[in-house]
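Each chain, letter by letter, is given below.
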Amino acid sequence: MQTAGPLFSPDNACAAGLKPAVFLPTTRAEMDALGWDQCDVIIVTGDAYVDHPSFGMAIIGRVLEAQGFRVGIIAQPDWHSTRDFEALGQPRLFFGVTGGNMDSMVNRYTSDRRVRSDDAYTPGGQGGKRPDRCVIVYSQRVREAYKSVPIVIGGIEASLRRIAHFDYWSEHVRRSVLVDAKADLLVFGNAERQIGAIAQRLHGGEAITDITDLRGTAFARRGIPADWVEIDSTELDAPGALAPPINPYAMEEERKQTLATAGVTPQTADAAAAVSTNVVKFYRKVPNAQREHSVIRLPSFEQVSADPVLYAHASRILHLEANPGNARALVQRHGSFDVWLNPPPIPLATADMDAVYELPYARRPHPSYGKAKIPAYHMIRFSVAIQRGCFGGCTFCSITEHEGRIIQSRSEDSIVREIETIRDTVSGFTGVISDLGGPTANMYRLRCKSPAIESACRRPSCVYPGVCPNLNTNHSPLISLYRRARALKGIKKILIASGVRYDLAIESPEYVKELATHHTGGYLKIAPEALGEGPLSKMMKPGVGAYYKFKELFDRFSKEAGKEQYLIPYFIAAHPGTRDQDMLELAVWLKKNGFRADQVQAFLPSPMATATAMWHSGKNPLKRVTRSSEEVIIPKGIKVRRLHKAFLRYHDPENWPILREALKRMGRADLIGNGQHHLIPAYQPVGTRAGGGLPRMGGVPRASLGGGGVPRTSGVPRPGARVGTAGIPFRTQHTGLPKSGTASKSKGPAAASAPKRRGR
């Protein structure tokens, strides 16, 4: 496997003295203005072209440009013909195809599979400017236009679909996107190392089919090279027989009974029997010296499609082989050939991170968009990425699968230089940096204390079920960065918009004090996600005790600073492991603590996530997967998903009927009534689809009743309208502040101008 050297060096530049373009060209006229007759690489993307380091296509384009390559951009092409794909002509080396900063299906559809009306990565927020599964569609159009040009696919859509994966929108296991896109190479993770090496080697005359030794790439091949040792994945984590042995002379009813006893349907058994390739067990032990030439064979696409238990097993093996320090190659049969996945890329060193983020980005959208607003750009234009990666390992999140769990941090000097660049060059800057963060706010420079332990570790999380004793939790470098950044001339405020990992923050009270005193704009969002141990254990999230410890510190330091500030917790509905009772307890907790969620999030099974494997299989891949291993409660079906979302919005009158029915069914009718300790009122409020025609209460017409069934008269507040059961002012997740009419002395900027939540 190719080793990792510096990202930029004299040895990997194909041409010297290429002057950086203000914007990478998107038309022939722009190429002519640069004096180019041909692009070396053309990047096709599902996002609008914004030349900013928060946009993947801009980073990859500028990295290749810095290595001497001429790069063009085709952004959001019309996929109904090849015309837009031919706009820049044929590239000399390859086409790079990406769906953009989001998976195109996640971008287009809600968790309830409804089409979204907008797209934050499109001018004017207009929806429908990219096709479903756009990596596949774009690759098909490129192949139609230029049959012989190599196609390299990447970005988060390709990264999360690199093996056979459960597709929530079709309710089927789909093949690797490499196969469906008919691409030559797939790059996964942050691809600066891979994409630069691919360009260099193609420039040197290598064929794309010969590039098989790059970390962070996947490709198709037939057979295993002779000098490689093949290991059956079931040796590492035995899932049990694909189907129980059946007496060939048994009658059909006896056969069905045998299968039912084993929990296997006849359809699954028949599908499995039709699979031509069986998993072959290799019992030979593999010496450590041979690990670099060891490949683990996962169950084939046909097998994981037919058997959800094998799917969960394959997912577990994939996540166990995710540490660049010890991961082995993986191979999965798709029909007559194999999809081969090399180990993940080596994380970037600090010097490389600095170089990537200090390339000559224009830091604004391409001029061709005119004055059209691109919502995603406006959200991040005054933010600075300080690190990559996340060692939290949340099972519902895609960060670890894409960026890895080893933190890659920039230097303090580099971050300060970027803040100064924003201050001096970005139009509209008012002195407020909207975020210093990344996937999380407070993992900057946090890594394992021992490089040897880090390279050998196979834990999916460094903080679950508790913070690992080998993890460095020193927040001093981050505190130093905050202090230096806010002391810069012309900087009025540094806000933190990335989600704070509060179980880490409580390890450093000084950090919490710094955060509450200087970097919170009236509210701070955090993500407990759930309260019950059932869902928390399937999410790999800390218990509510860590939340209370953080809240105590945050409230104390806010008070000492003379600020009235609020924590706004986010929760997920319908996550694997969640019972109706868990959501009820959460709703009661929300009301008791005065929270009213304006927007709620239902679990969306994204490709390749561990929680998605739970959702599909009903098994827990966090433990060894067998036929009899732990079963996971899966809240599937639109009715239960709506109920779980309704519990999060217990205060919404439209949810009254479904909650009333559920509370009676669950034996909790005591929570129905008109007191502050009740969850929902006794009667559906007026103004809703079913309200308004109900009986009078005590001679008072229903039309004059508030949400709690109390007359709306002067001096009589509606119960629950301003305070929770503990006397706490109600707050919303949308603004984070008390509803109008309650006291608020926040010294931060208006909540409406605060950046939206960007991650967990």
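To continue, consider the overall build of the protein. Each helix and strand in the protein was counted, giving 26 helices and 25 strands. For the protein, with 760 residues in total, the buried portion stands at 56%.

Strand order in the open sheet formed by ten strands is E3-E1-E4-E5-E8-E9-E13-E12-E11-E10, and the pairing between neighbours is mixed. Among the strands making up the open sheet, the edge pair consists of strand E3 (71–75) and strand E10 (229–232). The average angle at which neighbouring strand axes cross in this sheet is 25°, direction not considered. Sheet analysis places strand E9 (residues 217–221) next to strand E13 (residues 337–341), joined by four bridges and oriented antiparallel. Looking across to E13, one finds that Arg221 is bridged to Asp338. With respect to the sheet, helix H4 (residues 134–145) is in contact with strand E1 (41–45), strand E4 (94–98) and strand E5 (151–154), its orientation differing from that of E4 by roughly 160°. Running over the sheet, helix H7 (residues 192–203) touches E4, E5, strand E8 (185–187) and E9 and is turned about 165° from E4.

Relative to the elements of secondary structure, Asp503 occurs in helix H19 (residues 502–505). A polar atom in the side chain of Asp503 sits 2.9 Å from the side chain of Arg501. Setting aside its immediate chain neighbours within four residues, Asp503 contacts Val463, Val467, Pro542 and Ala546.

Another aspect to go through is the layout of surface pockets. To find the voids left in a structure, one rolls a probe of water-molecule size over its atoms. If you add up the space inside the second largest pocket, you get close to 850 Å³. Elements supplying a minimum of two residues to the lining of the second largest pocket: H7, helix H12 (308–320) and helix H15 (399–403). Partitioning the lining of the second largest pocket into residue classes produces 23 nonpolar, 14 polar and 13 charged.

This part is about unusual backbone geometry. Cis rather than trans, the peptide bond between Tyr464 and Pro465 has omega equal to 5°. Structurally, the position occupied by Pro465 is in the loop between helix H17 (451–456) and helix H18 (476–486). Located in the positive-phi region is Glu529, a residue other than glycine, with phi close to 70°. Inspection of the secondary structure puts Glu529 in strand E21 (residues 523–529). Positive phi, normally seen in glycine, also occurs at Ala574, with a value near 65°. Topologically, Ala574 is positioned in the loop between strand E22 (566–573) and helix H23 (580–592). A relative accessible area of 0% places Ala574 in the buried class.

This next bit is on the packing of aromatic side chains. In this structure the tally under the stated criterion is 18 aromatic pairs. Ring centres of Phe219 and Trp340 lie 6.3 Å apart, and the angle between their planes is 20°; on these two criteria the pair is classed as stacked. Of this pair, Phe219 sits in strand E9 while Trp340 sits in strand E13; the two residues are 121 residues apart in sequence, bridging distant segments of the chain. Residue Phe219 shares its accessibility class with Trp340, and that shared class is buried. For the ring pair Phe382 and Phe429, a centre distance of 5.4 Å and an interplane angle of 65° mean the geometry is edge-to-face.

A few words now on the packing of H23 against helix H25 (residues 638–648). The N-to-C vectors of H23 and H25 enclose an angle of 20°; their axes lie 8 Å apart at closest approach. As judged from the angle between their axes, H23 and H25 are roughly parallel. The handedness of the crossing between H23 and H25 comes out as left-handed. Along its contact with H23, which presents Asp580, Met583, Leu584, Leu586, Ala587 and Leu590, the element H25 presents Val640, Leu643, His644, Phe647 and Leu648. When its residues are assigned to classes, the contact of H23 with H25 shows nine nonpolar, one polar and one charged.

With 116 residues, the main nonpolar core has Ile198, Leu436, Phe550 and Phe647 as its most contacted residues. With residues near it in sequence (within four places) discarded, Phe550 still touches Val500, Tyr502, Ala505, Ile506, Val512, Leu515, Leu524, Ile526 and Leu567. Of all hydrophobic cores here, the second largest spans 42 residues; its members include Ile74, Tyr146, Ile296 and Leu298.

With that settled, consider the confidence of the model for the protein. Per-residue pLDDT for the protein has a mean of 86; in total, 82% of the residues score no lower than 70. Confidence drops under pLDDT 50 across residues 692–722; counting only partners more than four residues distant or on other chains, this segment forms 54 contacts.

To continue, consider the pattern of salt bridges. Scanning the model with the defined rule gives 49 salt bridges in all. The closest approach of N and O atoms between Asp180 and Arg174, which form a salt bridge, is 3.5 Å. Judged by relative accessible area, Arg174 falls into the partly exposed class, the value being 22%. Residues Arg579 and Asp582 are paired through a salt bridge, measuring 3.0 Å at the closest nitrogen-oxygen approach. By relative accessible area, which is 6% here, Asp582 ends up buried. A single salt-bridge network, built from bridges that share partners, covers Asp37, Asp40, Arg70 and Arg92.

Calculation notes
- Position numbers for residues start from 1 in each chain and track the written sequence from start to end.
- Thresholds applied to this predicted model are a pLDDT of at least 70 for local features of residues and 80 or more for the giving and counting of side-chain atom pairs; totals over whole chains, interfaces and linings are not thresholded and use all residues.
- Just so you know, side-chain values use all the structure's heavy atoms and leave hydrogens and water out.
- Helix numbers and strand numbers start at the N terminus; a helix is a DSSP run of H or I with at least 4 residues, a strand a run of E with at least 2.
- Between buried and exposed lies partly exposed: a residue is buried under 20% and exposed over 50% of the maximum accessible area for its type, with that area taken using a 1.4 Å probe on protein chains only.
- Here, any two strands with at least 2 DSSP bridges between them count as paired.
- A fitted line through C-alpha atoms represents every axis, and for helices the fit uses only the stretch in contact; the resulting angles, taken between N-to-C directions, go from 0 to 180 degrees.
- By definition in these notes, contact holds between two residues if any of their heavy atoms fall within 4.5 Å.
- Pairs of N or O atoms are called polar contacts if they sit within 3.5 Å, as long as, within protein, a hydrogen donor faces a hydrogen acceptor (for residues adjacent in sequence, only side-chain-to-side-chain pairs).
- Grid points spaced at 1 Å and placed over the protein atoms alone form the basis of the search, with a cavity being a set where a 1.4 Å probe fits but cannot get out and a pocket an open set showing protein on both sides within 12 Å along at least five of seven lines. Lining residues have an atom within 4 Å of a point.
- Grid points are joined across faces, edges and corners, and a volume is the space filled by probe spheres set on the points.
- Under the scheme applied here, ten amino acids are nonpolar (Ala, Val, Leu, Ile, Met, Phe, Trp, Tyr, Cys and Pro), four are charged (Asp, Glu, Lys and Arg), and all others, including Gly, are polar.
- For Phe, Tyr and Trp, where Trp contributes only its six-membered ring, two rings pair if their centres lie within 6.5 Å, and the inter-plane angle classes them as stacked under 30 degrees, edge-to-face over 60, or tilted in between.
- The scheme is simple: roughly parallel for angles under 35 degrees, roughly antiparallel for over 145, roughly perpendicular for 65 to 115, oblique for anything else.
- Helix crossings are classified by the rotation of the near helix relative to the far one: an anticlockwise turn of less than a right angle makes the crossing left-handed, while a clockwise turn makes it right-handed.
- To qualify as a nonpolar core, a set must consist of buried Ala, Val, Leu, Ile, Met, Phe, Trp, Tyr and Cys residues joined through side-chain atoms within 4.5 Å.
- Residue-level confidence of the predictor is what pLDDT reports, using numbers from 0 through 100.
- Any carboxyl oxygen of Asp or Glu that lies within 4 Å of a side-chain nitrogen of Lys or Arg is treated as forming a salt bridge with it.

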